[in-house]
Amino acid sequence: MFGDVLKSFQDEKTPLNPQSPYATAKSFGQHIIKNYRKSYNLYCVSGILFNHESPLRGEEYVTRKIVKGFAKISLGENNIIELGNIYAKRDWGYSKEYVVAMWKMLQQKRPEDFVIATRKTYSIKDFINTISEILKIKTKWVGKGYNEKLINLKNDKILIKIKKKYFRINDVNFF
C-alpha cells in the first residue's frame, strides 16, 4: 500500500502509494473505513498489516514455497525451487501476534487506524539461508543475476534456481 517510499519505516502518517492492483484495492479499503467513520460516526478501525506468516499460509506464497521445497529436498526428493527476485525484502511477522494486535485495535476507546509491523526487514535470500542453516544443509550461492543458484555442497545438486517469470513487475523497494 505504501509502494515506493522516501523513508525507511512507514507509519500511520505515511502517504499511500500503491504499486499493484492488490495494493490499490487495500488502499481503497483504508479510505472507505475512514470515510464511514467520519460520515456516519461508526466505530471502524483499519490496520495496515505487513506480511504475516503462519503454518496455514498457502503454497502460492514464497515463504511456504521455499519451506515446502526444502522439506521435499530433506526427504530426498529431487527438487529444484524456482524463484524470482531473492533480493526483495519484506517485513515478516507471526500471524498469531498480528491477530492479538487487531484485537487490541478494537479495544481502543476512540477508533483509529494502525500500521502493524516488526520494523525488521529480511530478503528472501536471508530467509533461504536461515532455512539452510536450520536444516544443516551446507550450501553455496554461485552465479549472478538470472544465473544465480544455490548449490548443495554435499552432492552438488541445485537447490534454488532464479527464473525471470517469477519477478514482480512493480516490486516494492526497501532501504
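Up top you'll find the structure we're talking about.
None of these values were measured; they are calculated from a predicted model.

Rules behind the numbers
Numbering of residues begins from 1 in every chain and follows the order in which that chain's sequence is written. In keeping with the predicted nature of the model, local features appear solely for residues at pLDDT of at least 70, side-chain atom pairs appear and are counted solely at 80 or more, and the whole-chain, interface and lining totals rest on all residues. Values shown for side chains rest on all heavy atoms present in the structure; no hydrogens or waters enter the calculation. Under the scheme applied here, a residue whose accessible area is under 20% of the maximum for its type counts as buried, over 50% as exposed, and between as partly exposed, the area being computed with a 1.4 Å probe on protein chains only. In DSSP terms, a helix is any run of H or I states spanning at least four residues, a strand is any run of E spanning at least two, and both are numbered starting from the N terminus. It is the directions from the helix axis to the C-beta atoms that the arc portrays. Residues count as neighbours in contact if any of their non-hydrogen atoms are within 4.5 Å of one another. One bridge is not enough; two strands pair if DSSP finds at least two bridges between them. In this analysis an axis means a line fitted to C-alpha atoms, helices contributing only their contacting stretch, and an angle means the value between N-to-C directions, from 0 to 180 degrees. Definition used for salt bridges: Asp or Glu carboxyl oxygen within 4 Å of a side-chain nitrogen of Lys or Arg. Only rings of Phe, Tyr and Trp enter the pairing, Trp through its six-membered ring, and a pair is recorded when the two centres are within 6.5 Å. The plane angle decides the type: under 30 degrees is stacked, over 60 is edge-to-face, the rest tilted. Each patch is assembled from residues with relative accessible area greater than 30% and no salt bridge, linking like charges that lie within 9 Å and nonpolar side chains (Val, Leu, Ile, Met, Phe, Trp, Tyr) that lie within 5 Å. Per-residue accessibility takes into account occlusion by the displayed protein chains alone, with areas from the Shrake-Rupley method and a 1.4 Å probe.

Let's shift gears to helix 4 (residues 124–134). Within helix 4 the residues assigned to the buried category are I124, K125, I128, I131 and S132. Relative to the axis of helix 4, the buried residues are bounded by an arc of 125° and lie together on one face. Residues of helix 4 that are exposed and angled more than 90 degrees away from the buried face: E133 and I134. Residues of helix 4 that are buried make contact with helix 2 (62–74), strand 3 (81–83), strand 7 (122–123), strand 8 (139–142), strand 9 (149–152) and strand 10 (158–162). Among the residues trailing helix 4, K136 stands out with phi positive, at a value near 60°.

Moving on, we get to the sheet that holds strand 3. If you trace the 4 strands from one edge of the open sheet to the other, you get 3-10-9-8, paired in mixed fashion. Looking at the sheet topology across the chains shown, the edges are occupied by strand 3 and strand 8. Each strand of the sheet is rotated relative to its neighbour by a mean of 20°, with strand direction disregarded. Here strand 8 pairs with strand 9 via 4 bridges, running antiparallel. Looking at strand 9, one finds that T139 is bridged to N152. Contacts from helix 2 reach strand 3, strand 9 and strand 10, with the element oriented near 160° to strand 3. Of the strands in this sheet, strand 3, strand 8, strand 9 and strand 10 touch helix 4, which is tilted by about 155° from strand 8.

What follows concerns the pattern of salt bridges. Per the counting criterion, the structure on display carries 5 salt bridges. As a salt-bridge pair, D113 and R37 come within 2.8 Å of each other at their nearest N and O atoms. With D113 in the loop between helix 3 (95–106) and strand 6 (114–116) and R37 in helix 1 (residues 21–40), this residue pair connects regions lying 76 residues apart in the sequence. Under the relative-accessibility criterion, D113 is labelled buried at 11%. Looking at R37, the relative accessible area reads 17%, which means it is buried. Salt-bridge contacts for R57 lead to E53; the nearest nitrogen and oxygen are separated by 3.2 Å. Among the residues examined, R57 registers a relative accessible area of 18% and is labelled buried.

With that settled, the discussion passes to the environment of R110. Of note, R110 is situated in the loop between helix 3 and strand 6. Judged by its relative accessible area of 57%, R110 is exposed. Sequence-wise, R110 and Y43 are 67 residues apart; in three dimensions their C-alpha atoms are separated by 7.8 Å.

Now for the packing of aromatic side chains. Tallied over the entire structure, the rule returns 3 aromatic pairs. Judged by centre distance (5.2 Å) and plane angle (45°), the ring pair of Y36 and Y40 falls under tilted. Remark: Y40 and Y36 occur in helix 1; sequence separation between them is 4 residues, near one turn of the helix. With relative accessibility at 39%, the residue Y36 sits in the partly exposed group. The class for Y40 is exposed, based on a relative accessible area of 53%. Considering the side-chain rings of Y146 and F167, the 5.4 Å spacing of their centres and the 80° angle between planes classify their relative orientation as edge-to-face.

On the surface, F28, I32, Y36, Y40 and L42 cluster together to form a nonpolar patch covering roughly 510 Å² of accessible area. Inspection of the secondary structure assignment puts I32 in helix 1. We classify I32 as partly exposed; its relative accessible area is 30%.

By the element assignment, E53 lies in strand 2 (residues 52–53). Residue class for E53 comes out buried when judged on its relative accessible area of 15%.

By themselves these figures say nothing about function.
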